[in-house]
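Here are the chains, one letter per residue:
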Amino acid sequence: MPHTAFWHTPLALAPWSLRPWLSERGSLTQRLIAHFPQLTVRVLQQGFRRPHPDETQILQLPSASHVATREVLLCSQGRPLVFAHSITCRQHLQAGFHLFERSGSRPLGALLFADPCIRRSALAWCKLSPRHPLWQKAQAAVGGQAATLWARRSVFYSGAAQLLVTEVFLSDFLLPSPCEPI
Ligand SMILES: C=C(O[C@@H]1C=C(C(=O)O)C=C[C@H]1O)C(=O)O
């Protein structure tokens, strides 16, 4: 299956208002809290699933494997802002990300950014293709209203353990102003 996201998209191709969100190196949750009231985490699913084709390569996973998967919506006053999809392999749950399964409605970032030993890769971003698996999931979360969906992803490292976090920006609060080309 061909890659359905070009994760080396230049930031300059993203809508101007979205760029600081795509390139935020700190906690996205904390940035959302600073800009939006009553941020909550709605857990959509947490369990073991097959990784997406463009995830097996980045985490060097065997394609037939199942990985620990967490999908949430970050909402402000009930309005979905970000769809987040995070995965880690089974053996890294015990060695590195043991709190991944117990995060519940606490934002994963609160755990990841509290541990000074956890490092983060460079961020990558792209405009999702409607063929990307995360496109369908994110659209379903917002009732199929979004015309374009930009996403970012990065890998968190705890020793040799890896956690891949992908965040899809949902709400029109990020769309460019009318005078700015998309
Ligand atoms: C990694 C962070 O945690 C956020 C919360 C997540 C969750 O609770 O599953 C997943 C990704 C992020 O949007 C962050 O705040 O930067």
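As annotated in an unreviewed UniProt entry, the chain is Probable chorismate pyruvate-lyase from Deefgea salmonis. In its Catalytic activity (unreviewed entry) section, the UniProt record describing the chain reads: "chorismate = 4-hydroxybenzoate + pyruvate". Regarding the chain, the UniProt comment filed under Subcellular location (unreviewed entry) reads as follows: "Cytoplasm".

A. Seen up close, the packing of aromatic side chains. For the coordinates displayed, the defined rule picks out two aromatic pairs. Judged by centre distance (6.2 Å) and plane angle (45°), the rings of tryptophan 21 and phenylalanine 36 are tilted. Within this pair, whereas tryptophan 21 is found in helix α1 (residues 19-22), its partner phenylalanine 36 is found in the loop between α2 (28-35) and β1 (39-49), the two being separated by 15 residues in sequence. Relative accessible area serves as the criterion here: at 16%, phenylalanine 36 is assigned to the buried category. Ring centres of phenylalanine 113 and phenylalanine 156 lie 5.8 Å apart, and the angle between their planes is 85°; on these two criteria the pair is classed as edge-to-face. Here phenylalanine 113 is found in the loop between α5 (108-112) and β4 (119-120), whereas its partner phenylalanine 156 is found in strand β6 (residues 150-158), with 43 residues between them in sequence.

B. Layout of the environment of leucine 111. By the element assignment, leucine 111 lies in helix α5. Since its relative accessible area comes to 17%, leucine 111 is described here as buried. For the pair leucine 111 and arginine 19, spaced 92 residues apart in the sequence, the C-alpha separation amounts to 25 Å. Apart from the residues within four sequence positions on either side, leucine 111 is in contact with Leu99, Ser103 and Arg106.

C. The pattern of salt bridges, seen in detail. In total, this model carries four salt bridges according to the counting rule given. Put simply, glutamate 24 and arginine 31 hold a salt bridge, and the shortest N to O gap is 3.0 Å.

D. Structural view of the site of the ligand. In the vicinity of the ligand there are 17 residues, among which Ser27, Leu28, Thr29, Arg70 and Gly109 approach most closely. In the model, an oxygen atom of the ligand is placed 2.9 Å from a nitrogen or oxygen of the glutamate 167 side chain. For the ligand, the accessible surface in isolation is 380 Å², of which the surrounding protein chains cover 100%. When contributions to the shell around the ligand are tallied by element, the ones reaching two or more residues are α2, β2 (67-76), β3 (79-88), α5 and β7 (161-169).

E. Quick peek at the nonpolar core. Within the largest apolar cluster, 18 residues are counted, with the highest numbers of intra-cluster contacts made by Trp21, Leu22, Leu32, Val82 and Phe169. Taken together, the elements giving at least two residues each to this core come down to α1, α2, β1, β2 and β3. Among the elements that make up this core, the one with the highest residue count is β3 (three residues). Counting 15 residues, the second-largest nonpolar core is a separate cluster that includes Phe83, Leu128, Leu134 and Ala146.

F. Region of interest: the pairing of β7. Within β7, nine of the nine residues are buried, which leaves it mostly tucked inside the rest of the structure. With burial as the criterion, each face of β7 is covered, one bearing Ala161, Leu163, Val165, Glu167 and Phe169 and the other bearing Gln162, Leu164, Thr166 and Val168. As judged from the six bridges shared by β3 and β7, these two strands associate in the antiparallel manner. Across the sheet, the residue bridging to phenylalanine 83 is valine 168, located in β7. Bridge count for β6 against β7 is nine bridges, and the pairing is antiparallel. When the sheet's bridge partners are listed, alanine 151 is paired in β7 with valine 168.

Reading the values: rules and limits
Residues numbered from 1 in each chain as written. Predicted model: local features only at pLDDT ≥ 70, side-chain atom pairs only at ≥ 80, totals over all residues. Heavy atoms only, no water. UniProt positions renumbered as here; feature names shortened; annotations may be inferred. Phe/Tyr/Trp six-rings, centres within 6.5 Å; stacked < 30°, edge-to-face > 60°. Helix = DSSP H or I, 4+ residues; strand = E, 2+ residues; numbered from the N terminus. Buried < 20%, exposed > 50% of the residue type's maximum accessible area, 1.4 Å probe, protein only. Contact = heavy atoms within 4.5 Å. Salt bridge = Lys/Arg side-chain N within 4 Å of Asp/Glu carboxyl O. Near = heavy atom within 4 Å. Polar contact = N/O pair within 3.5 Å; in protein donor to acceptor, adjacent residues only side chain to side chain. Areas by Shrake-Rupley, 256 points an atom, 1.4 Å probe, with all protein chains shown as cover. Core = buried A, V, L, I, M, F, W, Y, C linked by side-chain atoms within 4.5 Å. Pairing = 2+ DSSP bridges.

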